[in-house]
Amino acid sequence: MSEYMTFNRNEFVGAFVMALDFLESSVRSNVTNHNKRVALMAIRLGARLGLSAEDMFDLYAGAVLHDNGITNPVYNKLSTGGISNMERFMSHCIVGEENLKVFPFLKPREGMILYHHEAYDGSGYFGMSGRAIPLLAHVIHLADTVEIMYAQGLGRKEVGAKVAEWNGSQFLPDVCEAFDEINSLAFWLSLDNRFIDGELNRSVPHYHMEMTLRELAPIAGIFGKFVDEKSPFTGRHSRGIAEKLETMADFYNFDEDIKTKLILSAHLHDIGKLATPNAILDKNASLTPEEFDLVKPHVFYTRRMLEGIKGFEDITEWASNHHEKLDGSGYPYGFTAKDLDFGSRLMVCIDIYQALTEERPYRSPLEYAKVSRIMGGMADNNSIDRDITADVLEALR
Ligand SMILES: [Fe+2]
Ligand SMILES: [Fe+2]
Ligand SMILES: [Fe+2]
Ligand SMILES: [Fe+2]
C-alpha cells in the first residue's frame with residue numbers, strides 16, 4: 001500500500017523553475033530571471049483584479065512556468081538571447097501547455113499556457129480574441145510583454161505609456177487598468193535581479209497537496225519531458241535505469257513506496273544535465289577530460305533541485321549520489337562508504353550497468369560477460385558495493 005503524504009506545491013514549482021534556469025544556463029552564462037519577474041507581476045496583477053486564492057496559486061504556477069515549452073532546438077538557434085528571445089516560436093505555447101497537462105493545478109486550466117501570446121484584438125499566434133482567451137492567459141501575456149520591455153532597458157514610465165497605448169489592442173482593458181494601479185516605484189525596483197527572489201518568496205500563495213508517491217509520479221514525469229526535449233539520449237538512459245530498478249525492487253521484495261522512490265530517482269538522477277551544453281551531451285565521440293569536467297557538476301545540480309522538496313529526502317540522496325564511490329574516488333562530494341546508503345549504492349551499480357549496456361556513438365553495447373567482468377573488478381577494488389553488484393548481475397542476467 002502506498003501512503004498518503006503532504007507535499008507543498010510551491011516546492012515542486014521551485015524545482016521546475018530551477019530546471020528552466022539550468023536549461024537557460026546551458027546556453028548562456030547567466031540566467032535572465034524572465035520567469036520569476038513574469039510571475040511576480042502576474043500575482044500582483046491577480047491580487048489587484050481580486051482573483052480567488054485558487055486562481056492566484058494557479059496563476060503563479062502558470063506564470064513562472066509559462067515558457068516551459070521552450071525546447072532545446074529553439075534554444076540552440078538563438079543561443080545569444082535570453083528566454084524572451086525564443087518566444088517568437090509559437091510551438092513553445094503548444095509544447096508548454098502539453099507538458100503541464102498533468103500539473104496539479106487547483107482547477108482545470110486549459111489554454112492558460114497555450115494562449116499566453118494571444119492579443120485581445122485577435123492578432124496573436126492563434127487568432128483568439130477578447131474574453132475567449134482565459135483571463136489568466138491575459139494576465140500572463142501582459143506580464144510577459146512588460147518583462148521583455150524591462151529586460152530591454154525601458155523605464156517604468158515608458159512601459160506604463162506602452163501598456164496604456166496597447167489597452168484594447170494587445171491587452172484586456174481590466175488587466176491594463178490593474179497594471180496602472182500596481183506600477184509604483186517600489187514595484188519597479190523589486191523587479192531587479194538582486195531583489196526578485198526575496199520579493200517573490202514573500203508574495204507567492206502557498207498550497208499543499210495530499211498525494212501518494214505513486215500519484216506524484218506523473219508530475220515528476222514532466223521533468224523527464226524537459227530532459228527528453230533537450231537530449232533524447234539522456235531520456236532513454238533514465239528510462240532504462242527506471243526499468244532495471246523496478247526489476248531490482250522486485251528482486252529484493254521492496255514495498256511499493258520504496259519501489260516508487262527508486263523509479264522516481266531514476267527518472268530524476270540526470271536532471272542536472274539540463275545545465276550541460278548540448279555540444280557535450282550530443283557529442284559523437286568519447287569526451288576529453290576538459291569536457292568531462294563540464295559534465296560532472298550535473299549531480300550537484302540534481303541535488304540542489306530536489307533537496308527543496310519535503311518528502312523527497314531519499315529520492316534526493318539516491319538520485320544525487322550516483323557518481324559517488326565507496327572508496328571516495330567519485331564525485332562531486334567524494335563521499336565514502338559511510339555516507340552511501342543502500343539505495344545510493346544500488347543506483348550507482350544500475351547507472352554503471354545501464355551505461356555499459358547502452359549503445360554509444362563510439363562503441364556497441366557491451367556483452368553481459370564483459371559487463372560482469374568490469375563491474376566485478378570495480379567491486380573487487382572496493383569502488384562499488386560487492387553484494388549489490390552480485391545481486392544486479394544475477395537479477396539482470
Ligand atoms: Fe512565451
Ligand atoms: Fe515569456
Ligand atoms: Fe549521471
Ligand atoms: Fe546516469
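Residues numbered from 1 in each chain as written. Chains lettered and ligands numbered in written order. Predicted model: local features only at pLDDT ≥ 70, side-chain atom pairs only at ≥ 80, totals over all residues. Heavy atoms only, no water.

## Some thoughts on the coordination of the iron ion (ligand 4)
Item 1. Those donors, His237 (NE2), His269 (NE2), Asp270 (OD) and Asp351 (OD), are the protein atoms that reach the iron ion (ligand 4), and they lie 2.2 to 2.5 Å from it.
Item 2. Each of the four donor atoms around the iron ion (ligand 4) contributes to a set of angles spanning 78 to 172°, which defines the coordination as irregular.
Item 3. Within one chain, the residues serving as donors to the iron ion (ligand 4) are arranged as H-x31-H-D-x80-D.
Item 4. A spacing of 3.4 Å is found between the iron ion (ligand 4) and the iron ion (ligand 3), which share aspartate 270 as a donor. With histidine 269 in the loop between α13 (256-268) and α14 (278-281) and aspartate 351 in helix α18 (residues 342-356), this residue pair connects regions lying 82 residues apart in the sequence. As far as burial versus exposure is concerned, histidine 269 and aspartate 351 are alike and both buried. (Donors = N, O, S within 2.8 Å, 3.2 Å for Na, K, Ca; no water. Tetrahedral: all angles 85-135°; square planar, octahedral: opposite > 155°, others 65-115°. Helix = DSSP H or I, 4+ residues; strand = E, 2+ residues; numbered from the N terminus. Buried < 20%, exposed > 50% of the residue type's maximum accessible area, 1.4 Å probe, protein only.)

## Regarding the packing of aromatic side chains
Item 1. For the structure on display, the rule yields 23 aromatic pairs.
Item 2. Between the aromatic rings of phenylalanine 16 and phenylalanine 223, the centroid separation amounts to 4.1 Å while the plane-to-plane angle is 10°, which identifies the pairing as stacked. Taken together, the residues span a long stretch of sequence, with phenylalanine 16 in helix α1 (residues 9-25) and phenylalanine 223 in helix α11 (residues 213-230) at a distance of 207 residues. Both residues of the pair, phenylalanine 16 and phenylalanine 223, belong to the buried class. (Phe/Tyr/Trp six-rings, centres within 6.5 Å; stacked < 30°, edge-to-face > 60°.)

## Notes on the side chain of lysine 259
Item 1. Mapping lysine 259 onto the fold places it in helix α13.
Item 2. For lysine 259, a relative accessible area of 17% translates into the label buried.
Item 3. In this structure the side chain of lysine 259 is engaged in a polar contact, spanning 2.9 Å, whose partner is the side chain of aspartate 250.
Item 4. What lysine 259 contacts, discounting residues up to four positions off in sequence, is Glu246, Ala249 and Asp250. (Polar contact = N/O pair within 3.5 Å; in protein donor to acceptor, adjacent residues only side chain to side chain. Contact = heavy atoms within 4.5 Å.)

## Things to note about helix α20 (residues 386-395)
Helical geometry: 3.6 residues make up each α-helical turn, so side chains three or four residues apart lie on a common side.
Item 1. Every buried residue of α20 is listed here: Ile388, Thr389, Asp391, Val392 and Leu393.
Item 2. Of the surrounding secondary structure, the elements contacted by the buried residues of α20 are α12 (232-251), α18 and α19 (368-380).
Item 3. Its side-chain oxygen placed 3.0 Å from the backbone nitrogen of aspartate 387, aspartate 385 serves as the N-cap of α20.

## Examining the domain arrangement of the protein chain
Item 1. Here the protein chain is partitioned into domain 1 (4-208) and domain 2 (231-395).
Item 2. Relative to domain 2, the C-alpha centre of domain 1 lies at a distance of 35 Å.
Item 3. Contacts between the two partners involve 13 residues from domain 1 and, on the opposite side, 13 residues from domain 2.
Item 4. Both faces considered, domain 1 and domain 2 share a buried interface measuring about 1,200 Å² in area, 67% of it formed by carbon and sulfur atoms.
Item 5. By the criterion of area lost to domain 2, the three top residues of domain 1 are Glu11, Phe22 and Ser26, representing 43% of everything that side buries.
Item 6. Inspection of the domain 1/domain 2 interface yields one residue pair in polar contact (both at pLDDT 80 or more).
Item 7. For the side of domain 1 that touches domain 2, the secondary-structure elements that each account for two or more residues are β1 (4-8), α1 and α4 (72-77).
Item 8. A per-element tally of the side of domain 1 that touches domain 2 places α1 first, with eight residues.
Item 9. Its residues assigned to classes, the side of domain 1 that touches domain 2 comprises eight nonpolar, four polar and one charged. (Domains from an automatic or database assignment. Buried area = accessible area lost by both parts, 1.4 Å probe. Nonpolar A, V, L, I, M, F, W, Y, C, P; charged D, E, K, R; others polar.)

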